[in-house]
Amino acid sequence: DAGVIQSPRHEVTEMGQEVTLRCKPISGHNSLFWYRQTMMRGLELLIYFNNNVPIDDSGMPEDRFSAKMPNASFSTLKIQPSEPRDSAVYFCASSHPGTGTYEQYFGPGTRLTVT
Amino acid sequence: SQELEQSPQSLIVQEGKNLTINCTSSKTLYGLYWYKQKYGEGLIFLMMLQKGGEEKSHEKITAKLDEKKQQSSLHITASQPSHAGIYLCGAVLGFKTIFGAGTRLFVKA
């Protein structure tokens, strides 16, 4: 299994531009999570999906952030317009609650820099 | 997360020494995870504890959840440079997991 796949691995963009981060969860996992990690705030849950449905988006910072999961094998996190304070590492993780452990498998992350 | 306090924030140990990292919650924990993150990479699952008093080991890493299920400790025996990284504890809240701020471990060869 290839694990959770995220793209791009690095993104540098100018303030005001639209940024789209992509995630492919592990096949068979029905929960997907988007996290943001910064030095100041640590690892924060932004949103999570269960069976492609957004369950809790209370961690999404503001309306500039949106996430979609059109099918079980793909999710996007979009920031429009981007701001320098959005610079962070964004992680996608997936899990299969059916295993009883809720272990989350993390992707390698996308390092976003907004200048 | 302020709901999970990790200590210490960072730790420098000499190779071969033992060390302990703590994770404390103000609420009862119904599931406690330990993850390791290598610098610049994603998180790797180490182990999960669910029952008060439960103790699990993985190679030279042992974690325990206290009887009251409000604190967990992670102990590394005979540390090696490969143990260096950020250790995060996470608590289960329904489908969500909240994470502590992490403990940065540096191992001097």
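Calculation rules
- Numbers given to residues run from 1 along each chain, matching the order in which its sequence is written.
- As a convention, the first chain written is A and the first ligand written is 1, with the rest following in written order.
- Only residues with pLDDT of at least 70 get local features here, since the model is predicted, and only at 80 or more are side-chain atom pairs given and counted; chain-wide, interface and lining totals rely on the full set of residues.
- Heavy atoms from the whole structure form the basis of all side-chain values; hydrogens and water molecules are not counted.
- For two strands to be treated as a pair, DSSP must find at least two bridges joining them.
- Here a helix means four or more residues in a row that DSSP labels H or I, a strand means two or more in a row labelled E, and each is numbered from the N terminus.
- For helices, the axis comes from a line fit to the C-alpha atoms of the stretch in contact; other axes are also lines fit to C-alpha atoms, and the angle between any two N-to-C directions lies between 0 and 180 degrees.
- Counted as salt bridges are all cases of a side-chain nitrogen of Lys or Arg within 4 Å of a carboxyl oxygen of Asp or Glu.
- Relative accessibility decides the category of a residue: with a 1.4 Å probe and only protein chains considered, values under 20% of the type maximum give buried, values over 50% give exposed, and everything between is partly exposed.
- Aromatic contacts are taken between Phe, Tyr and Trp rings whose centres are within 6.5 Å, Trp giving its six-membered ring; a plane angle under 30 degrees counts as stacked, one over 60 as edge-to-face, and the others as tilted.
- Here, two cysteine sulfur atoms that lie within 2.5 Å of each other are counted as a disulfide.
- Note on contacts: a residue pair is in contact if any heavy atoms of the two residues lie within 4.5 Å.
- We place a 1 Å grid over just the protein atoms. Points where a 1.4 Å probe fits but has no way out form a cavity, open points with protein on both sides within 12 Å along at least 5 of 7 lines form a pocket, and any residue with an atom within 4 Å of a point lines it.
- Grid points are joined across faces, edges and corners, and a volume is the space filled by probe spheres set on the points.
- Gly falls in the polar group here, along with every residue not listed as nonpolar (Ala, Val, Leu, Ile, Met, Phe, Trp, Tyr, Cys, Pro) or charged (Asp, Glu, Lys, Arg).

Enquirer: Before we move on, can you summarise the sheet that holds strand β3 (residues 19-24) of chain A with the specific residues and values?
Expert: Residue and element names in this part refer to chain A. Spatial strand order, β1-β3-β8-β7: four strands in an open sheet with antiparallel pairing. If you trace the sheet from one side to the other, it starts and ends with β1 (5-7) and β7 (65-71), each paired once. Each strand axis lies, on average, 15° off the axis of its neighbour in the sheet, ignoring direction. Relative to β3, β1 is paired through three bridges, and the arrangement is antiparallel. Within β3, the residue paired with Ser7 across the bridge is Arg22.

Enquirer: Now, about the pattern of salt bridges: what can you tell me, with residues and values included?
Expert: Residue and element names in this part refer to chain A. In total, this model carries 10 salt bridges over all chains according to the counting rule given. Residues Glu83 and Arg64 are paired through a salt bridge, measuring 3.5 Å at the closest nitrogen-oxygen approach. Remark: Arg64 occurs in the loop between β6 (53-56) and β7 and Glu83 occurs in the loop between β8 (74-79) and β9 (88-95); sequence separation between them is 19 residues. Since its relative accessible area comes to 10%, Arg64 is described here as buried. The network of salt bridges with common partners includes Glu62, Arg64, Glu83, Arg85 and Asp86.

Enquirer: Got a sec to walk through the packing of aromatic side chains? Specific residues and values, please.
Expert: All names here are of chain A. Overall, the coordinates contain 11 aromatic pairs over all chains when judged by the stated rule. Between the aromatic rings of Phe33 and Tyr48, the centroid separation amounts to 5.6 Å while the plane-to-plane angle is 25°, which identifies the pairing as stacked. With Phe33 in strand β4 (residues 31-38) and Tyr48 in strand β5 (residues 42-50), this pair connects stretches of sequence that are 15 residues apart. By relative accessible area, Tyr48 is classed as buried at 6%. Measuring from centroid to centroid gives 6.3 Å for Phe91 and Phe106, while their planes differ by 80°, and the two rings are edge-to-face. One end of the pair, Phe91, is in strand β9; the other, Phe106, is in strand β10 (residues 105-106), and 15 residues separate them in sequence.

Enquirer: I'd like a description of the state of the cysteines, backed by residues and values.
Expert: Residue and element names in this part refer to chain B. Per the stated rule, a full pass over the model turns up two disulfides over all chains. At a sulfur-sulfur separation of 2.0 Å, the disulfide partner of Cys23 is Cys89. In this structure the cystine formed by Cys23 and Cys89 twists about its S-S bond by roughly 75°; its chirality is therefore right-handed. Highlighted residues: Cys23 in strand β3 (residues 19-25) and Cys89 in strand β9 (residues 85-93), separated in sequence by 66 residues.

Enquirer: Describe the side chain of His29(A), and please don't skip the residues or the numbers.
Expert: Tracing the backbone through its elements, the reader meets His29(A) in the loop between β3 and β4. Each residue touching His29(A), except ones within four places of it in the same chain, is listed here: Ser94(A), Ser95(A), His96(A) and Tyr105(A).

Enquirer: Before we move on, can you summarise the layout of surface pockets with the specific residues and values?
Expert: Looking at the largest pocket, its volume works out to about 660 Å³. Lining the largest pocket are 33 residues, with Gln37(A), Thr38(A), Gly42(A), Ala101(B) and Arg104(B) positioned closest to its centre. Within the residue set of the lining of the largest pocket, elements represented by two or more residues are β4, β5, β9 and β11 (110-114) of chain A together with β1 (4-7), β9 and β11 (103-108) of chain B. The class makeup of the residues in the lining of the largest pocket is 12 nonpolar, 15 polar and six charged. Estimates place the volume of the second largest pocket at around 320 Å³. Lining the second largest pocket are 19 residues, and of these Leu43(A), Glu44(A), Leu45(A), Gly59(A) and Ile98(B) sit closest to its centre. Broken down by secondary-structure element, the contributors of at least two residues to the lining of the second largest pocket are β4 and β5 of chain A together with β10 (96-99) of chain B. For the lining of the second largest pocket, the class distribution of residues is 10 nonpolar, four polar and five charged.

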